[in-house]
Every structure is written in structure tokens, then in C-alpha cells.
Amino acid sequence: MKIRSLPRKIFDFYQEGFASMRLGKKLWLIVAVKLFVLYVVIKLLFFPDVMQEQFSNDTQRSDFVLRQLTQGAR
Amino acid sequence: MGHIDPSLVDWSRAQFALTALYHWIFVPLTLGLTFIVAIMETIYVKTSDEWWKKTTRFWMGLLAINFAIGLATGIIMEFEFGTNWSNYSWIVGDIFGAPLAIEGIMAFFMESTFFAVMFFGWDKVSKRFHLLSTWLVAIGSNLSALWILVANGWMQHPVGMRFNPDTARNEMVSFWDVLFNPNAYTKFLHTISSGYVLASLFVIGVSSWYLLRKREIKFAKRSIVVAASFGLLVSLFNLTTGDDSARQIAVDQPMKLAAMEGLYEGKPGAEIVAFGILNPDKKLRDSTDPFLFKVAIPEGLSLLSYHRLDAYVPGIHQLVDGSKEHNILSVAEKMKRGRKAVEALAAYKVAQKAGDKEAMKQALATFRHYSAYLGYGYLKNPEQAVPPVATTFYAFHTMVGLGTWFILLFFLILYAAITDRLQKLRWLLWAGVISLPLGYVAQEAGWITAEVGRQPWAIQDMLPVGMATSNLSTSPVMLTFWLFAILFTALLIAEVKIMTAQIKIGPKEHDHV
């Protein structure tokens with residue numbers, strides 16, 4: 001019984017907390033829009049992981065960086 | 001190696017600087033305000049005075065606004081690491097990854113549990129458990145900053161690692177050396193205490209505005225007493241951590257120290273410039289006076305840097321051209337040694353491909369011998385080792401000048417509050433209001449000093465920024481620079497608008513966030 005009531009209590013705590021928010025609702029909206037813009041728009045469109053995209057394994061990545069490091073100054 | 005457009009390096013740096021500077025508008029207020037709120041709630045629990053509960057909840061509301069708007073603004077820097085700074089990310093991955101992963105896990109657990117209790121738990125959990133949650137949020141937020149600054153401290157003074165020529169990565173050999181890197185913990189203490197100063201200025205600024213408007217008198221006076229007491233204590237602590245940090249810079253990054261002080265000619269008993277205007281015509285190695293005007297304290301720099309009045313402090317000329325007398329290698333000599341390290345690394349790879357174990361061993365020994373100078377091997381000329389002197393000098397002096405003013409302000413406001421003369425001294429209340437934006441200026445100036453002063457290095461002496469960038473086209477970096485500029489400006493406008501709206505409403509109507 002106790003094991004079941006604890007998650008329920010935690011759920012109710014968060015639910016009541018969110019429900020009683022006033023300014024917080026506007027803040028959560030800002031957070032949600034911001035996270036969407038950051039992760040869905042900016043990250044996906046403009047910020048690929050260059051090493052992951054260009055090479056298929058760590059050996060290739062190491063070789064690439066070593067070539068960069070050993071072929072002189074920029 | 002593909003040709004890297006120098007403008008790509010500049011745009012990548014500009015983008016990172018923009019992101020970091022905007023991110024740093026939000027973070028220090030959270031670091032400090034959590035403690036001020038915890039102190040106020042402690043007074044409430046001790047006294048059971050409902051006024052303190054109301055006071056605590058008002059400032060907690062403003063903390064929530066700042067936290068929500070600032071949330072995840074730092075994540076953009078991680079995007080930039082993977083895209084614009086992929087060489088750097090690969091080379092430092094193992095060192096940088098651990099502190100940042102710890103920070104992420106800590107922040108998640110802290111924010112999803114104790115933050116919720118702090119905001120939702122009023123009248124639902126016991127007073128003491130709520131207070132404990134508030135303190136844990138304050139401590140947890142600051143511990144998050146620890147891991148970020150451990151990573152930054154490593155870039156300023158790389159320790160506890162070893163470069164693996166097989167993987168082209170630095171590997172951690174001592175977690176404790178990384179964690180207790182003197183550059184990291186002095187920077188951590190100085191940075192978080194500067195956040196406490198800013199939060200104190202924030203509370204004083206808002207409360208002073210109420211007093212000027214003859215509103216919320218009791219609330220404002222009480223808030224000012226807490227903030228000014230806290231501000232005075234932490235600004236004195238900030239002064240000592242700044243001293244520690246500068247002494248560490250004197251040891252690890254003497255070029256940065258010379259730039260911070262506009263010191264071109266080293267000398268024993270070097271003076272410290274309290275106020276100065278640099279001569280824009282000054283060039284490296286000429287005999288022009290670096291200053292058009294200055295007010296200096298004799299022997300101050302020697303005393304502060306080495307705790308000895310007669311200590312020798314090297315200038316930019318000695319650090320570039322070397323000094324046999326003071327056992328300082330010239331940058332040209334470091335460049336020669338750096339190139340030997342680069343050549344040895346290349347020889348190691350050739351020997352590895354040929355399966356020549358003896359040649360690999362010899363090349364590796366040569367690399368290890370010269371690896372402390374590796375980064376110099378990528379400089380084109382010794383002058384590249386000099387950071388932008390004017391930016392570093394003015395940023396440093398702005399930070400120190402404002403920091404000194406804040407100590408005086410906290411003292412005057414606290415004295416006026418204790419003697420109940422605060423409302424009569426309107427000039428002091430205006431000083432409190434005006435000092436709030438100045439607190440942000442000091443914060444940003446501190447970061448500019450730390451980051452511009454360490455140029456040209458992404459990792460001190462190991463990797464210049466030009467070698468750390470990815471080989472990309474400049475256009476997308478320019479585009480995302482402006483995207484971020486628009487996004488962050490929108491967030492800043494939202495912060496200011498929501499915050500000022502809540503401040504205008506005042507504490508009476510502010511029972512729920």
C-alpha cells in the first residue's frame with residue numbers, strides 16, 4: 001500500500017504545483033518554446049556533430065585530427 | 001590539411017563569445033540569489049515572522065524568472081563545440097567530458113527534485129524540509145558551476161592529463177589533479193563570489209527603487225539589510241579570491257597578467273595601474289610609452305602577484321623575446337621546440353604505419369620531451385603569442401574598479417540602513433539602482449579578461465584557436481551568430497519585461513510563482 005501511495009503522492013505534488021502556477025505557466029511556455037527552437041531548429045539544422053557526420057569510427061577521427069595536428073600551422 | 005579562412009576562426013570565436021556573454025547574464029544572478037533567498041527563509045523559519053516568508057517568496061519569484069529564461073542557454077556552447085570546434089572537442093574530449101557530464105547529472109537531479117520542493121512545497125512539506133530544499137538548491141547550483149569552471153580552469157592550465165598520439169586525445173591520468181587544479185578552484189571561488197555580489201546588487205537595486213517610490217518600505221529595508229550584509233561579506237571574499245586568481249595567473253599565464261596591466265617592460269618592484277589610458281599608437285618592441293595617462297601604485301603589482309615588493313614581473317617584451325637573466329624562453333625558441341613536437345608526432349605516425357617500433361619509441365620520446373611547447377609549433381610568428389592588450393587591460397580595470405565601488409556601496413548602504421537614514425539619503429538609493437547594471441558590466445568584464453587575456457590559446461600553450469576550429473564554410477557560422485544574437489536578445493527582453501512587471505506588482509501580490 002505504501003509503495004503505491006508514494007508515487008501517487010509525488011505525482012499529486014507535482015500536479016498541484018503545476019496547476020497552482022500563475023506566472024510559472026508563462027515561464028514554462030518560454031522554456032518549451034526555447035527548447036524547441038534550440039534542439040529542433042538550431043541543433044538539427046545548423047549544428048551537426050562534424051566528427052560523427054564525416055567519419056564512421058574513432059580510428060578515422062583520430063587519423064583526421066592527427067593529420068590536422070601534424071601538417072603545420074594554419 | 002584544408003585551408004582555414006581566418007574569418008572562420010574570428011566568426012567562430014565571436015559566436016562563442018556572444019553565447020558565453022549572454023549565458024553569463026543569467027547564471028550569476030541564479031548563483032547568488034539562491035543563497036540570499038535561503039538566508040531570508042532561514043530567518044523566516046527561525047522567527048516564524050510571516051513578513052520574512054512573504055519577502056522570501058517575492059525574491060524566489062524573481063529567481064524563478066531568471067532561472068527559466070536562462071535555462072539551457074549554455075547548451076548552445078556544447079552545440080558549438082561539436083560543430084565549430086570539432087578538433088578541439090576531439091582533442092580534449094576525455095578531460096572536458098567528465099566534468100560536464102557530472103554537471104549535467106547533478107543539475108538534472110537537483111532541479112527536478114529540490115527546485116520543485118522549493119517552488120511547489122510551501123505549506124505542503126514541513127518548514128524545515130522546505131528550508132533544507134532551498135539550501136540544497138543554492139549549494140547544488142553552485143556545485144554545477146564548479147564542474148564548468150573545472151573544465152575552464154583546465155583550458156587555462158592543463159593538468160592531470162596525457163596526450164595519446166594514437167588517438168589524438170588527451171586522457172585523464174589524475175581526476176584529482178584536474179579537480180584541484182589551482183587555476184580551476186581559484187576561478188571557481190572568484191566566479192561564484194562575483195555572482196553573490198551581483199545578486200546582492202540586484203536585491204539592493206530593486207529595494208532602493210521601492211524606497212525611492214516610497215513603496216514596500218518595510219520589505220525593502222529588510223531586504224536591503226540582508227543583501228548589503230551578504231554583499232559586504234562576499235565582496236571582501238571576492239577581493240581575496242581575486243588576489244588568489246591573479247597570483248595564479250602570474251604563475252600559469254604571465255602573458256595574460258602583463259596584458260591585464262599593460263606592462264610591456266618587466267621589472268622588479270613593478271607598479272600596478274589603478275587607472276590608466278593606453279596609448280593606441282604603442283607597438284610591440286618600440287619605445288613609446290604604453291600609457292597616455294596613468295595613476296599607479298609603486299611596487300603594487302610585484303606585491304600582489306608574488307607577495308614581495310621587489311619581485312620581478314616580466315613584461316610583454318620579455319615574454320615575447322625572452323630574458324636570460326630571468327630564465328624566460330623567447331616565443332621564437334618555444335616555436336622551435338613546438339615544431340619539434342609536431343615533427344615528432346608526424347614521425348611517430350609514419351613509424352607506426354611502417355611497423356617500426358624502435359622509430360616509434362624514439363619519436364614518442366622526442367614528442368614527450370617537447371610536448372609542453374606543442375601549441376607554439378602552430379604559431380606563425382612570436383607576435384601571435386600576445387593577446388589583445390587594450391581589451392584585456394580595460395576589461396580587467398573595469399572589473400576591479402567596479403568591484404571596489406561595490407564594496408564601498410555595500411558598506412554605505414548597510415551603515416545607512418542600520419542607522420535608519422536610508423530613506424533620507426536619496427543619492428545613495430539612486431547609487432543602489434544604478435549599480436545594478438554596473439554589476440552586470442563587472443561580470444562580463446571579468447569573463448572578457450579571462451578569455452581574451454588567454455588568446456591565442458584555446459588550451460594554454462597546447463592548442464591555438466586557429467587549430468581548434470573545424471574546417472567549415474564561414475557563412476553558416478555568420479548566419480547562426482545572428483540567429484543567436486536575435487534569440488538571446490529576445491530572451492533578454494523577455495527577462496527584463498517579466499521581471500519589471502513582477503517588481504511593479506510588488507511582494508504583496510506575489511504569493512504564487
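Residues numbered from 1 in each chain as written. Chains lettered and ligands numbered in written order. Predicted model: local features only at pLDDT ≥ 70, side-chain atom pairs only at ≥ 80, totals over all residues.

1. Brief notes about the overall build of chain A
- On a plain count of helices and strands, chain A comes out with 4 helices and 0 strands.
- In summary, chain A has a C-alpha radius of gyration of 24 Å against a globular reference of 11 Å for 74 residues, an excess of more than 25%.
- A buried classification covers 18% of the 74 residues belonging to chain A. (Helix = DSSP H or I, 4+ residues; strand = E, 2+ residues; numbered from the N terminus. Rg over C-alpha atoms; globule rule 2.2 N^0.38 Å. Buried ≥ 20, exposed ≤ 12 C-beta atoms within 10 Å, placed from the backbone.)

2. So, the overall build of chain B
- Along the backbone of chain B there are 17 helices and 8 strands.
- Relative to a compact globule of 513 residues, whose C-alpha radius of gyration would be 24 Å, chain B shows 25 Å and is just as compact.
- Taking the principal axes of its C-alpha atoms as reference, chain B extends roughly 80 × 50 × 40 Å.
- Counting the 513 residues in chain B, one finds 49% classified as buried.

3. A look at the interface of chain A and chain B
- Each partner contributes to the interface: chain A provides 34 residues, whereas chain B provides 42 residues.
- Among the secondary structure elements, those contributing two or more residues to the side of chain A that touches chain B are helix H1 (2–19), helix H2 (23–46), helix H3 (50–54) and helix H4 (58–70) of chain A.
- Sort the elements by how many residues they give to the side of chain A that touches chain B and H2(A) lands first, with 12 residues.
- In terms of residue class, the side of chain A that touches chain B is made up of 20 nonpolar, 7 polar and 7 charged. (Contact = placed C-beta atoms within 7 Å. Nonpolar A, V, L, I, M, F, W, Y, C, P; charged D, E, K, R; others polar.)

4. Digging into the packing of helix H1 (residues 6–47) of chain B against helix H2 (residues 50–70) of chain B
Residues and elements named next belong to chain B.
- Taken N-terminus to C-terminus, the directions of H1 and H2 make an angle of 160°; their axes are 9 Å apart at the nearest point. Considered as vectors, H1 and H2 are oriented roughly antiparallel to each other. For the element pair H1 and H2, the recorded crossing hand is left-handed. (Axes fitted to C-alpha atoms, helices over the stretch in contact; angles between N-to-C directions. Parallel < 35°, antiparallel > 145°, perpendicular 65-115°, else oblique. Left-handed = near helix turned anticlockwise from the far one by under 90°.)

5. Comments concerning the environment of Ile192(B)
Residues and elements named next belong to chain B.
- When you line up the elements, Ile192 lands in helix H7 (residues 182–212).
- Taking the C-alpha atoms as reference points, Ile192 and Glu299, 107 residues apart in sequence, are found 29 Å from one another.
- Other than its neighbours up to four places away in sequence, Ile192 contacts Leu31, Asn142 and Ala145.

6. A word on helix H13 (residues 357–370) of chain B
All names here are of chain B.
- The terminal C-alpha atoms of H13 lie 20 Å apart, and with 14 residues this matches the ideal 20 Å at 1.5 Å per residue to within 8%.
- What H13 keeps buried is the set Met360, Ala363, Phe367 and Tyr370. The buried residues of H13 occupy an angular sector of 105° when projected down its axis, which confines them to one face. Residues Lys357, Glu358, Lys361 and Ala365 are exposed on H13 and point more than 90 degrees away from its buried face. (Expected span 1.5 Å × (residues − 1). Arc of directions from axis to C-beta.)

7. Comments concerning the packing of H2(B) against helix H17 (residues 474–505) of chain B
All names here are of chain B.
- Put simply, H2 and H17 touch, their axes get as near as 10 Å, and they point 170° apart. Of the possible angle classes, the one that applies to H2 and H17 is roughly antiparallel. Note on element contacts: H17 touches H2 through Leu491, Ala494, Glu495, Ile498, Met499 and Gln502, opposite Gly61, Leu62, Ile65, Asn66 and Ile69.
- Residues of the contact of H2 with H17, tallied by class, amount to 7 nonpolar, 3 polar and 1 charged.

8. A few points about unusual backbone geometry
Residues and elements named next belong to chain B.
- Going from Gln455 to Pro456, the amide bond is cis rather than trans, its omega being 15°.
- Checked against the element boundaries, Pro456 lands in the loop between helix H15 (426–452) and strand E7 (457–459).
- The backbone phi angle of Arg285 is positive, close to 75°, even though this residue is not glycine.
- Along the polypeptide, Arg285 turns up in the loop between strand E4 (272–278) and strand E5 (291–297).
- Here Asp461, not a glycine, exhibits a phi torsion of approximately 65°, which is positive.
- Along the chain, the position of Asp461 falls in the loop between E7 and strand E8 (463–464).

9. Some words on helix H9 (residues 254–261) of chain B
Residues and elements named next belong to chain B.
- Most of H9 is tucked away: 8 of the 8 residues are buried.
- Among the residues of H9, Pro254, Met255, Lys256, Leu257, Ala258, Ala259, Met260 and Glu261 are the ones counted as buried.
- As for H9, its buried residues are in contact with helix H8 (217–252), E4, helix H10 (300–306), helix H11 (316–321), helix H14 (389–418) and H15.
- Two residues or fewer past H9, Gly262 is found with a positive phi of approximately 60°.

10. Points about the domain arrangement of chain B
Residue and element names in this part refer to chain B.
- As assigned here, chain B comprises domain 1 (6–253 + 387–506), domain 2 (261–321) and domain 3 (331–378).
- For domain 1 versus domain 3, the distance between C-alpha centres works out to 40 Å.
- Taken residue by residue, the interface counts 9 residues in domain 1 and 11 residues in domain 3.
- Sorting the residues of the side of domain 1 that touches domain 3 by element identifies E8 and helix H16 (465–468) as the ones contributing at least two each.
- Here the side of domain 1 that touches domain 3 is built from residues that sort into 7 nonpolar, 1 polar and 1 charged. (Domains from an automatic or database assignment.)

11. Considerations on the confidence of the model for chain A
- Mean pLDDT over chain A works out to 83, with 91% of the residues at or above the 70 mark.
- Predicted confidence in chain A is weakest over H1(A), with a mean pLDDT of 77, and strongest over H4(A), with 91. (pLDDT = per-residue confidence, 0-100.)

12. What about the nonpolar core?
- With 160 residues, the main nonpolar core has Ile36(B), Trp59(B), Ala228(B), Ile316(B) and Leu463(B) as its most contacted residues.
- Among the elements that make up this core, the one with the highest residue count is H1(B) (19 residues). (Core = buried A, V, L, I, M, F, W, Y, C linked by C-beta atoms within 7 Å.)

13. Description of the confidence of the model for chain B
- Per-residue confidence for chain B gives a mean pLDDT of 92; residues scoring 70 or more make up 98%.
- Here the predicted complex scores 0.91 on pTM and 0.82 on ipTM.

14. Some remarks on the environment of Ile10(A)
All names here are of chain A.
- Tracing the chain through its elements places Ile10 in helix H1.
- The exposure class assigned to Ile10 is exposed, which follows from the 12 C-beta atoms found within 10 Å.
- Remark: the alpha-carbon pair of Ile10 and Ser56, spanning 46 residues in sequence, is separated by 44 Å.

15. A word on the pairing of E5(B)
Residues and elements named next belong to chain B.
- Summarising burial for E5: 0 of the 7 residues are buried, a small minority.
- Where E4 lies against E5, 6 bridges are found, and the strand directions are antiparallel. When the sheet's bridge partners are listed, Val273 is paired in E5 with Ala296. (Pairing = 2+ DSSP bridges.)

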